[in-house]
Amino acid sequence: MNSTLDGNQSSRPFCLLTFGYLETVNFCLLEVLIIVFLTVLIISGNIIVIFVFHCAPLLNHHTTSYFIQTMAYADLLVGVSCLVPSLSLLHYPLPVEESLTCQVFGFVVSVLKSVSMASLACISIDRYIAITKPLTYNTLVTPWRLRLCIFLIWLYSTLVFLPSFFHWGKPGYHGDVFQWCAESWHTDPYFTLFIVMMLYAPAALIVCFTYFNIFRICQQHTKEISERQARFSNQSGETGEVQSCSDKRYAMVLFRITSVFYILWLPYIIYFLLESSTGHSNRFASFLTTWLAISNSFCNCVIYSLSNSVFQRGLKRLSGAMCTSCASQTIAKDPYTVRSKDPLNGCHI
């Protein structure tokens, strides 16, 4: 009787969420649903963001668009890489052994999310320079320097997590859907501290410092403009107020993206530190905090679509161009359809 039970347990697949196991289909149902759902959202959402940036030149007038597009590409790659654990949970054969697969997957996702984190820090620095040094901003922030900065972000993120291949420890819990990563690959308190000190802490401090000063300066400018308008109600004062409000609104959009990022990543970072220092792990907490952090790869799309009016216009124009393309194909197939005299709308705004 006991041997029969042991045989049944050994035939069951490895599941972090054991209560999500469904014996009739023999896979971890809840894990598959969560990961596949997030994967579809992340891939589709970031493809839309990339296309909108391509089709809306006004979005590229801000230098921050370099970093935002970098985040979109990194998040898109996160979604694509999440196909690996999805296929594994559905019992598709892996091309290489499980230990190497989960190590590479954990490393890749850690690097990609590090790129997003570093890009957010660079965005805050860019906005800080734009507000504190508006006259010299165009000479300080050039396209060549922005491209160099993006290259350094990718290089730095790779170097921070590269020691995970040299037995320094596990860089995170992204690969824990694989049994080998969850049971045989352990975190190391020194490597965890290294990651926090080299990435998480500096990025958070930079963001807090820059946005605190940005909103303080914007508030001060608004107060000065209001006082000036009270004395002299002229056209220049109104223009200054419009420019100040525009900078503040754009800073608020970026601040929302940054805030949501750290809200979703904070539980993961706390669990990462606690698990590494105490050695006590919890599979449910590991899965929940990890995929909550990964879900941020989709949240940026939602925040932009709700907060940025130029992005909304670009999204409408993109959807209009797609509908026009579908309509033109329908007209081509039906020669009796009356053609419109208006030219097809492009995607430029």
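The rules behind each value
Residues numbered from 1 in each chain as written. Predicted model: local features only at pLDDT ≥ 70, side-chain atom pairs only at ≥ 80, totals over all residues. Heavy atoms only, no water. UniProt positions renumbered as here; feature names shortened; annotations may be inferred. Axes fitted to C-alpha atoms, helices over the stretch in contact; angles between N-to-C directions. Helix = DSSP H or I, 4+ residues; strand = E, 2+ residues; numbered from the N terminus. Parallel < 35°, antiparallel > 145°, perpendicular 65-115°, else oblique. Left-handed = near helix turned anticlockwise from the far one by under 90°. Contact = heavy atoms within 4.5 Å. Nonpolar A, V, L, I, M, F, W, Y, C, P; charged D, E, K, R; others polar. Expected span 1.5 Å × (residues − 1). Buried < 20%, exposed > 50% of the residue type's maximum accessible area, 1.4 Å probe, protein only. Salt bridge = Lys/Arg side-chain N within 4 Å of Asp/Glu carboxyl O. Phe/Tyr/Trp six-rings, centres within 6.5 Å; stacked < 30°, edge-to-face > 60°. Patch = residues over 30% accessible without salt bridge, like charges linked within 9 Å, V, L, I, M, F, W, Y side chains within 5 Å. Areas by Shrake-Rupley, 256 points an atom, 1.4 Å probe, with all protein chains shown as cover.

An unreviewed UniProt entry lists the protein under the name Probable G-protein coupled receptor 21, with Puma concolor as the source organism. You can read under Sequence similarities (unreviewed entry) in the UniProt record for the protein the words "Belongs to the G-protein coupled receptor 1 family." The UniProt entry for the protein carries the following text under Subcellular location (unreviewed entry): "Cell membrane".

Q: Can you tell me about the packing of helix α7 (residues 143–161) against helix α9 (residues 189–231), naming the residues and giving the values?
A: For any two helices packed against each other, the geometry is given by the interaxial angle and the distance between the axes. Where α7 contacts α9, the two axes come as close as 10 Å, and the packing angle between them is 165°. If you check the angle between α7 and α9, you find them roughly antiparallel. Along this stretch, α7 crosses α9, giving a crossing that reads as right-handed. In this structure, α7 contributes Tyr-156, Val-160 and Phe-161 to the contact, and α9 contributes Phe-191, Phe-194, Ile-195, Met-198 and Leu-199. Its residues placed into classes, the contact of α7 with α9 shows eight nonpolar, no polar and no charged.

Q: Can you explain helix α3 (residues 64–81)? Please cite residues and give values.
A: An α-helical turn contains 3.6 residues, so a residue and the one three or four places further along point in the same direction. Over its 18 residues, α3 runs 26 Å from end to end, which matches the ideal 26 Å to within 8%, given 1.5 Å per residue. Within α3, 13 of the 18 residues are buried, leaving the element largely enclosed by the surrounding structure.

Q: Talk me through the pattern of salt bridges; I want residue IDs and the actual numbers.
A: Considering all chains together, one arrives at two salt bridges under this definition. As a salt-bridge pair, Lys-113 and Asp-75 come within 3.2 Å of each other at their nearest N and O atoms. In this pair, Lys-113 sits in helix α5 (residues 98–132) while Asp-75 sits in helix α3, placing the two residues 38 residues apart along the sequence. Side by side, Lys-113 and Asp-75 carry an identical accessibility label, which is buried. With a closest N to O distance of 2.9 Å, Asp-126 and Arg-127 form a salt bridge. There is no split in this pair, since Asp-126 and Arg-127 are both buried.

Q: Please set out the packing of aromatic side chains residue by residue, giving values where relevant.
A: One pass over the structure, following the stated rule, counts 12 aromatic pairs. When the ring of Phe-191 is compared with that of Phe-194, the centres are 6.1 Å apart and the planes differ by 15°; the resulting orientation is stacked. Of this pair, Phe-191 and Phe-194 both sit in helix α9, three residues apart, roughly one helical turn. With a centroid separation of 5.0 Å and an interplanar angle of 80°, the aromatic rings of Trp-265 and Tyr-268 are classed as edge-to-face. One end of the pair, Trp-265, and the other, Tyr-268, are both in helix α10 (residues 235–278), three residues apart, so they sit about a helical turn from each other. Like Tyr-268, Trp-265 is buried. The structure contains a cluster of three or more aromatic residues connected by ring pairs, namely Tyr-200, Phe-261, Tyr-262, Trp-265, Tyr-268 and Phe-272.

Q: Describe the UniProt feature "transmembrane region" (unreviewed entry) in the protein, listing the residues and the values that go with them.
A: In the numbering used here, UniProt assigns the feature "transmembrane region" (unreviewed entry) to residues 32–59, 71–92, 104–125, 146–169, 189–214, 253–274 and 286–307. The distance from the first to the last C-alpha atom of residues 146–169 is 33 Å, and the span holds 67% helix and 0% strand.

Q: An account of a nonpolar patch on the surface is needed here, citing residue identities and associated values.
A: Together, Trp-144, Leu-148, Phe-151, Leu-152, Leu-155, Leu-159, Leu-162, Phe-166 and Trp-168 make up a nonpolar patch on the protein surface, roughly 960 Å² of accessible area in all. You can see Leu-162 is positioned in the loop between α7 and α8 (179–183). In this structure Leu-162 comes out as partly exposed when scored by relative accessible area, which is 32%.

Q: Can you explain the environment of Leu-315? Please cite residues and give values.
A: Its place among the elements puts Leu-315 in helix α13 (residues 309–333). Considering only alpha carbons, one finds Leu-315 and Phe-51, 264 residues apart in sequence, at a separation of 8.7 Å. Among all residues touching Leu-315, those that are not within four sequence positions of it are Ile-48 and Val-52.

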